[in-house]
Amino acid sequence: MADETRTSESSSGGDRPDRGERRPSSRPGGPGGGREGGGAGGRKYFRRKKVCKFCVEKIEAINYKDIRLLAQFVAESGRIVPRRLTGVCTPHQRRLSLAIKQARNIALLPFAGRAA
Amino acid sequence: MNRTYELMFIVRPDMAEEDQDKLISTLETAVAASSGLVKGVERMGKRRLAYTVRKFHDGIYVLLTVEGGGGLIHELERRLRVTEPVIKFLTVRIDEEQKRLDKIKAIKDAKRKAAAPVTPAEAAGEAPAATA
């Protein structure tokens, strides 16, 4: 999961200028704002600003039965993907992790690995 | 003290259809006995478990939505625990979440209504012109 995000970031460097302008205006104080592009560091790669999927798509209900939604935030190993990788905002991550844990409890999602 | 709960339970995959019916109907009578209300029964069918439970790889999922107090849930969980074919169950209280969702929906609708008066007036103004 982590590798996927990294490759998509590096490949999508071409269209970054307009994105860089638009995102902060729509979501002031969004996550990861301070770490944009590594600042004054010599290497110039641009991180696309991540936004919370639930805020953007206005998904209100995070339910433990909705496995297809939850599976997007669970790594192949069964781990809940951290906020810093997915860009989900804190309130949504809180409810997301609760839903994932409930889904694990009823064997809809694995605790560890796929078909251990 | 009326709360809404969702009981999801998994029965063993080789359980016969009529046995499932029997189990569900006994649960329903138990709900009625505790002056609860069955709001819905949904059979989600057989699906693969994410991990083995009691040496089973598959299970038949059933979702039961009930309204009632904590005592009812206590009784239902006890019944599920002693029922041998039930391999796993989960109870989730859903009324608070539902209330929250309804609130958000109400706010959204109110916003839409506030924005709406402009568009129907326009549509009404345009419609006669289009017909004429």
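Thresholds, definitions, all that
Residues numbered from 1 in each chain as written. Chains lettered and ligands numbered in written order. Predicted model: local features only at pLDDT ≥ 70, side-chain atom pairs only at ≥ 80, totals over all residues. Contact = placed C-beta atoms within 7 Å. Helix = DSSP H or I, 4+ residues; strand = E, 2+ residues; numbered from the N terminus. Expected span 1.5 Å × (residues − 1). Buried ≥ 20, exposed ≤ 12 C-beta atoms within 10 Å, placed from the backbone. Arc of directions from axis to C-beta. Pairing = 2+ DSSP bridges. Axes fitted to C-alpha atoms, helices over the stretch in contact; angles between N-to-C directions. Parallel < 35°, antiparallel > 145°, perpendicular 65-115°, else oblique. Left-handed = near helix turned anticlockwise from the far one by under 90°. Nonpolar A, V, L, I, M, F, W, Y, C, P; charged D, E, K, R; others polar.

Engineer: Could you give me a rundown of the interface of chain B and chain A, with the residues and numbers involved?
Structural biologist: Accessible area lost during the coming together of the parts is what is often quoted as the interface size. Taken residue by residue, the interface counts twelve residues in chain B and twelve residues in chain A. Only strand 1 (3-11), strand 2 (37-53), strand 4 (86-93) and helix 3 (95-115) of chain B provide two or more residues apiece to the side of chain B that touches chain A.

Engineer: Which residues make up helix 6 (residues 90-105) of chain A, and what are the values?
Structural biologist: Residue and element names in this part refer to chain A. In this model helix 6 runs 23 Å from its N-terminal to its C-terminal C-alpha over 16 residues, within 8% of the 22 Å that 1.5 Å per residue would give. Regarding helix 6, the residues found buried are Gln93, Leu96, Ala99, Ile100, Ala103 and Arg104. In a view along the axis of helix 6, the buried residues occupy a sector of 140°, so they form one face of it. Counted as exposed and oriented over 90 degrees from the buried face of helix 6: Thr90 and Pro91. Looking at the buried side of helix 6, the elements it contacts are helix 4 (67-70) and helix 5 (83-86). Note on helix 6: the residue one or two positions beyond its end, Ala107, has a positive phi of about 65°.

Engineer: Account for the pairing of strand 2 of chain B, with residues named and values stated.
Structural biologist: Residue and element names in this part refer to chain B. Where strand 2 lies against strand 3 (residues 56-68), eleven bridges are found, and the strand directions are antiparallel. When the bridges of strand 3 are listed, Val53 appears paired with Phe56. Where strand 2 folds back on strand 3, the antiparallel hairpin that results is connected by two residues, among which Arg54 adopts a positive phi of roughly 50°.

Engineer: Give a description of the packing of helix 1 (residues 17-33) of chain B against helix 2 (residues 70-82) of chain B that names residues and reports values.
Structural biologist: Residue and element names in this part refer to chain B. Between helix 1 and helix 2, whose axes approach to 10 Å, the crossing angle comes to 155°. Comparing their axes, helix 2 and helix 1 come out roughly antiparallel. For the pair helix 1 and helix 2, the crossing hand works out as right-handed. Here Leu27, Ala30 and Val31 of helix 1 lie close against helix 2, whose contacting residues are Leu72, Glu75, Leu76 and Arg79. Taken together, the residues of the contact of helix 1 with helix 2 break down into five nonpolar, no polar and two charged.

Engineer: Now, about the sheet that holds strand 3 of chain B: what can you tell me, with residues and values included?
Structural biologist: Residue and element names in this part refer to chain B. Read from one edge to the other, the open sheet built from four strands follows the order 2-3-1-4, with strand pairing classed as antiparallel. With one partner strand each, in any of the chains shown, strand 2 and strand 4 form the two edges of the open sheet. Pairwise comparison of adjacent strand axes, ignoring direction, gives a mean angle of 20° for this sheet. Looking at chain direction, strand 1 and strand 3 are connected through nine bridges and run antiparallel.

As far as function goes, none of this settles anything; it's purely spatial.
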